[in-house]
Each structure stands twice: as structure tokens, then as C-alpha cells.
Amino acid sequence: DAKTTQPNSMESNEEEPVHLPCNHSTISGTDYIHWYRQLPSQGPEYVIHGLTSNVNNRMASLAIAEDRKSSTLILHRATLRDAAVYYCILRMVGSARQLTFGSGTQLTVLP
Amino acid sequence: DAEITQSPRHKITETGRQVTLACHQTWNHNNMFWYRQDLGHGLRLIHYSYGVQDTNKGEVSDGYSVSRSNTEDLPLTLESAASSQTSVYFCASSESTSGGANTGELFFGEGSRLTVL
């Protein structure tokens, strides 16, 4: 499976935008980029996914580089409840198979 | 609402005992997964199933087994619990996909914290 690289930790101030980067230089043309997050003492939850174009949903936006070797998860206004570990994961198109989780980025939101 | 539930949420056992963690989902998903998460680490896949009677080993399957006798349940058994199996265990499920039309989103349970003394 193609690997992803994320910073171990990031900090943000409450109500400011947060940009969480992910590098995936070995991504293949059939890999979707998925983001999950894990709140303290909970199971991971789906955030967003994309293939080539930028994506928006109620939780976040996903900006994908033109060469697809990197992507950025954008939280437009961080809240204290957004403090979590964020995982960037690659998944092959058409596959509902298991996800391989890396270490993720621990986001701290400061009041 | 459909959901995925794990039980027990917390369990303490002794080395050498057999332990079974239950996972039940009401989405009628074909795919089910067991992960473990150790303190400060990401999730590692233990076993997974793509349907009834189908089971597969993940990256850390030694000492664990699963069985899939129906769509809703994938119990995880530790045949002889070891201290190294002290961890938080997460069950997840997802729909089958075709052609990438489905996100293949995984839905996770709230976890089962197992302590082996």
C-alpha cells in the first residue's frame, strides 16, 4: 500500500482555520485520499475523501495537489471539539477493504 | 438508527484465560474488521471478514481468532490471553463497493478496553 506522511502534532487557536498536511508521494492513480479523525476515548470517524478534485462537506474541506502527491485537510474554524488525531489514508478505487492507519497528526486546539 | 456496538466496554482478565469480545452491527454491512490500538499508536488490523463464513488475517493476527456465522456479528477471541494483548480493541464495518461509487466509509464502534494481568 502507498504510504502517507503526516506531522506528529499541530496546534491551532480556537475559531481559526487549521490546515493539516499529508504527503503521499507514491500514490497511484486508483487511490482515493481518505481522512478520519479520532476524538479522545472514541473510535475513528470518517471526515472526508477525494480523488482528484477539491472536496467540501459539512465537517471540512480537502485540497488535493495537482500532482496528487500531497493533500491538505482544512478545518475552517477550529473548535475545542476538533481536538483529535487526524489520519490521512489511501484507499484503492472500488475497494471497501481494510484501511491501514498510520500515526496521524494530534491536533491541539487552544482556547 | 443503525449502529455498531461492542461489548464488553471494559474487561480485566488473567494471563492464559480465553476472552471473547463481541461486535454487532445493524447496517447489514458485508465487511467487518477488528483493530487494536496501543497507547500513543495508530490502529493495527487484527482480522477482517468480507462476508459470512469469510475470515482473513491482518497484520497482527497471532493469538487471535474470529468467526463469521452471520452478517451482524464478528466476535474476536483471544485463545490464551497474554499481557502483550492489553490494548483497546475497535470493531468496524463497511459496505461492499463497486467501481468506487461508494465511499467505503468505515463505521467504528466505541472500543473495548482489555487489560490482561
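Cut-off values and rules
Residue positions are counted from 1 within each chain, in the order its sequence is given. Each chain gets a letter, beginning with A, and each ligand a number, beginning with 1, in the order they are written. Residue-level local features of this predicted model are given only where pLDDT is at least 70; pairs of side-chain atoms are given and counted only at 80 or more, and the full residue set underlies all totals for whole chains, interfaces and linings. Side-chain calculation: all heavy atoms of the structure are included, whereas hydrogens and water are not. Strands here mean DSSP runs of E at least two residues long; helices mean DSSP runs of H or I at least four residues long; both are numbered from the N terminus. Here the globule rule reads 2.2 Å times residues to the power 0.38, and the radius of gyration is calculated from C-alpha atoms. A strand pair is defined by DSSP finding two or more bridges across the two strands. By convention a nonpolar core is built from buried Ala, Val, Leu, Ile, Met, Phe, Trp, Tyr and Cys residues, the set being connected through side-chain atoms within 4.5 Å. Only protein chains enter the accessibility calculation, which uses a 1.4 Å probe. A residue is then buried if its area is under 20% of the maximum for its type, exposed if over 50%, and partly exposed in between. Whether two residues touch is decided by their heavy atoms; if any such pair falls within 4.5 Å, the residues are in contact. For every element, the axis is a line fit to its C-alpha atoms; helices are fit only across the contacting stretch, and the angle between N-to-C directions ranges from 0 to 180 degrees.

(A) Focus on the overall build of chain A. Regarding its fold elements, chain A presents zero helices and nine strands. The linear arrangement of helices and strands in chain A, starting from the amino end, is β-β-β-β-β-β-β-β-β. At 13 Å, chain A has a C-alpha radius of gyration in line with the 13 Å of a compact globule built from 111 residues. Oriented by its inertia axes, the alpha-carbon framework of chain A measures out at about 40 × 30 × 25 Å.

(B) Local environment of the sheet that holds strand β5 (residues 55-56) of chain A. If you trace the four strands from one edge of the open sheet to the other, you get β2-β7-β6-β5 (chain A), paired in antiparallel fashion. Only two strands of the sheet have a single partner each, and these edge strands are β2 (18-23) and β5 of chain A.

(C) View of the pairing of strand β7 (residues 70-75) of chain A. All names here are of chain A. Sheet analysis places β2 next to β7, joined by six bridges and oriented antiparallel. Looking at β7, one finds that His-19 is bridged to Ile-74. Pairing of strand β6 (residues 61-64) with β7, which is carried by four bridges, proceeds in the antiparallel orientation. If you follow Ser-61 over to β7, its bridge partner there is Ile-74. If you look at the hairpin formed by β6 and β7, you'll find five residues sitting between the two strands, and Arg-68 has a positive phi there, around 65°.

(D) Region of interest: the nonpolar core. Ranked by internal contacts, the top residues of the largest apolar core, which has 21 residues, are A:Leu20, A:Ile33, A:Trp35, A:Leu73, A:Leu75, A:Tyr86 and A:Leu107. Every element with two or more residues in this core is listed here: β2, β3 (31-38), β4 (45-50), β6, β7, β8 (84-92) and β9 (105-110) of chain A. With four residues, β8(A) is the single largest residue contributor to this core. Those residues in contact with A:Tyr86, other than ones at most four positions away along the chain, are A:Gln6, A:Leu20, A:Trp35, A:Tyr36, A:Arg37, A:Leu73, A:Leu75, A:Gly104, A:Thr105 and A:Leu107. Core analysis: the second largest hydrophobic core is formed by 18 residues, B:Ile4, B:Val19, B:Leu74 and B:Cys91 among them.

(E) Inspection of the sheet that holds strand β1 (residues 9-13) of chain A at higher detail. Residues and elements named next belong to chain A. Taken in spatial order, the five strands of this open sheet run β1-β9-β8-β3-β4, and their pairing is mixed. Looking along the sheet, the strands with just one partner apiece sit at the ends: β1 and β4. Across the sheet, the axes of successive neighbouring strands diverge by a mean angle of 25°, strand direction being ignored. With three bridges joining them, β8 and β9 adopt antiparallel strand pairing.

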